[in-house]
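So you can see what is in the structure, the chains are spelled out below.
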Amino acid sequence: MKIKKILNNFINFVIPDYCFICKEVLENNETQICDHCISLLKEPECFCKKCGKPTDLNQDWCNICKYKKIYYEKMFVAYYYDETLKKFLKKVKYNPSEKIFENFDICYNLFLNNEQLKELAILKDNLDFVLPIPIHLERQKLRGYNQSVLLAQVLEDCYGIHYKTDILKKHKNTKFFFSLNKKEREKELENAFEIINFEAIKNKNILLLDDISTTGTTMNNISKLLLENGANSIFTMCLAHGE
Ligand SMILES: [Zn+2]
Ligand SMILES: [Zn+2]
């Protein structure tokens, strides 16, 4: 262990590692993202108790949840989707050559030190499994991975909740969301997913997991689909909530 550390320090000295976000040289105790960039990530303080959307006042429900049918019980949100996290996730998703997820240390930091996820630790015994939102097969081939599955692996390690990838399939290769407005996004998402294992969801309490939730439409559509096909309850979680 000691030798490994000395060796790592030496390698870092000869070929320094750079912060994935700000490109500054990393200190020896830092992995992938520097402490400064991590300190910039903000946990939500005022947010809707139903969908997790950031709100100005600490209202129980945001204006959307007051009028729209929300099928899941609650959304757990780890962070605001601010500039730091935006840069991070864009690189993860659209520059897969950077291979940030080959080393999961950063995700463990993101999940384990998060205040908002403490309630999840209490809820975990009532959950049957985590369901990472699938991406279309073609996109997965291009990217080499589904970032939500990688997050589910970290969540499994942190909280001991198993995840399943054989339940849901995305059969529509939706356009890149960055280029779409809210209305276009909702249209793209209609009927984009299908259940491929009906037996596995019967009477189950499921946690849907995604990296970003912008409008919450994907989570809500899938929750509806799962409940209509026999699931008992749906909770949702995302690394960051935009809007
Ligand atoms: Zn940095
Ligand atoms: Zn809401």
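Residue numbers restart at each chain and count upward from 1, following the sequence in its written direction. As they are written, the chains are lettered A onward and the ligands numbered 1 onward, keeping that order. Whole-chain, interface and lining totals are the exception, using all residues; otherwise, since this is a predicted model, local features are given only for residues with pLDDT of at least 70 and side-chain atom pairs are given and counted only at 80 or more.

1. Some details on the environment of Lys172
Then, in step 1: Mapped onto the elements of the fold, Lys172 is located in the loop between strand 3 (168-170) and helix 9 (182-189).
Then, in step 2: The exposure scheme places C-beta atoms from the backbone and then counts, for each residue, the other C-beta atoms within 10 Å of its own, assigning buried at 20 or more, exposed at 12 or fewer, and partly exposed in between. Judged by C-beta crowding, with 13 C-beta atoms within 10 Å, Lys172 ranks as partly exposed.
Then, in step 3: Taking the C-alpha atoms as reference points, Lys172 and Phe193, 21 residues apart in sequence, are found 7.2 Å from one another. Secondary structure elements are defined from DSSP: runs of H or I of at least 4 residues count as helices, runs of E of at least 2 residues count as strands, and each element is numbered from the N terminus.

2. Comments concerning the nonpolar core
Then, in step 1: Counting 48 residues, the largest nonpolar core has Leu207, Leu208 and Leu209 as its most contacted members.
Then, in step 2: At the level of elements, strand 1 (75-80), helix 4 (83-94), helix 5 (105-112), strand 2 (129-132), helix 8 (147-159), strand 5 (205-213), helix 10 (217-228) and strand 6 (233-241) are the ones that each hand at least two residues to this core.
Then, in step 3: Here this core gets six residues from one element, more than from any other, and that element is strand 6.
Then, in step 4: Domain delimitation follows an automatic or database domain assignment. Mapping this core onto the domain boundaries places at least three of its residues in each of domain 1 (1-40) and domain 2 (41-241).
Then, in step 5: Ignoring sequence-local partners within four residues, the contact set of Leu207 consists of Leu127, Val130, Leu131, Ile161, Phe235, Thr236 and Met237. Defined on buried residues, the nonpolar core groups Ala, Val, Leu, Ile, Met, Phe, Trp, Tyr and Cys residues joined through C-beta atoms within 7 Å. By the convention adopted here, residues make contact when the C-beta atoms placed from their backbones lie within 7 Å.

3. Focus: the sheet that holds strand 6
Then, in step 1: Any two strands between which DSSP finds at least two bridges are classified as paired. Spatially, the four strands line up as an open sheet ordered 1-6-5-2, and their pairing is parallel. The open sheet has two edge strands with one neighbour each: strand 1 and strand 2. With direction set aside, neighbouring strand axes in the sheet form an average angle of 20°.
Then, in step 2: In the sheet, strand 5 pairs with strand 6 via eight bridges, with the strands oriented parallel. By the bridge assignment, Asn205 is partnered in strand 6 with Ser233.
Then, in step 3: The axes are straight lines fitted to the C-alpha atoms, using for helices just the contacting stretch, and the angles between their N-to-C directions are given from 0 to 180°. Strand contacts of helix 8: strand 2, strand 5 and strand 6, with the helix running at about 125° to strand 5, the strand carrying the most contacts.

Geometry only, nothing functional implied.
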